[in-house]
Amino acid sequence: MSKSDGYKSTGITGFLADGRRIQEGDGSFTVTIPRALAMEWDLEHGDDLLFTAEEGSTKATIHKPGSEGGFSLGVADD
């Protein structure tokens, strides 16, 4: 990987935008994450990632393990 294509040997250079195809099997869906992101966040097999999204939204957020918000994210009562 070269720096010119958004990657470096230890993670992301600048901004990363990368598409992934959803795989189906065993009653679930699987999406891989880019190697550069795994390297940037120092992810290992077995790490938990938190995904958050709002109803009707067109985007979701992936939170780095141990980052602010973590798994103690609460939903406000309306």
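Because the structure is a prediction, the values reported are computed rather than measured.

(A) Summary view of the layout of surface pockets. Here the largest pocket defines a volume of roughly 360 Å³. Lining the largest pocket we find 15 residues, and of these L16, D18, P34, L37 and I62 sit closest to its centre. Split by residue class, the lining of the largest pocket holds 12 nonpolar, one polar and two charged.

(B) Molecular detail of the side chain of H63. For H63, the location among the structural elements is in strand β6 (residues 60–63). At 2.9 Å, the side chain of H63 and the side chain of T52 are in polar contact.

(C) Layout of the pattern of salt bridges. Counted according to the given criterion, the structure contains one salt bridge. Residue D18 pairs with R20 through a salt bridge whose shortest N-O separation is 3.3 Å. Taking relative accessible area as the criterion, R20 reaches 39% and is therefore assigned partly exposed.

Thresholds, definitions, all that
Residues numbered from 1 in each chain as written. Predicted model: local features only at pLDDT ≥ 70, side-chain atom pairs only at ≥ 80, totals over all residues. Heavy atoms only, no water. 1 Å grid on protein atoms, 1.4 Å probe; cavity = no way out; pocket = protein on both sides within 12 Å on 5 of 7 lines; lining within 4 Å. Points joined across faces, edges and corners; volume = space filled by probe spheres on them. Nonpolar A, V, L, I, M, F, W, Y, C, P; charged D, E, K, R; others polar. Helix = DSSP H or I, 4+ residues; strand = E, 2+ residues; numbered from the N terminus. Polar contact = N/O pair within 3.5 Å; in protein donor to acceptor, adjacent residues only side chain to side chain. Salt bridge = Lys/Arg side-chain N within 4 Å of Asp/Glu carboxyl O. Buried < 20%, exposed > 50% of the residue type's maximum accessible area, 1.4 Å probe, protein only.

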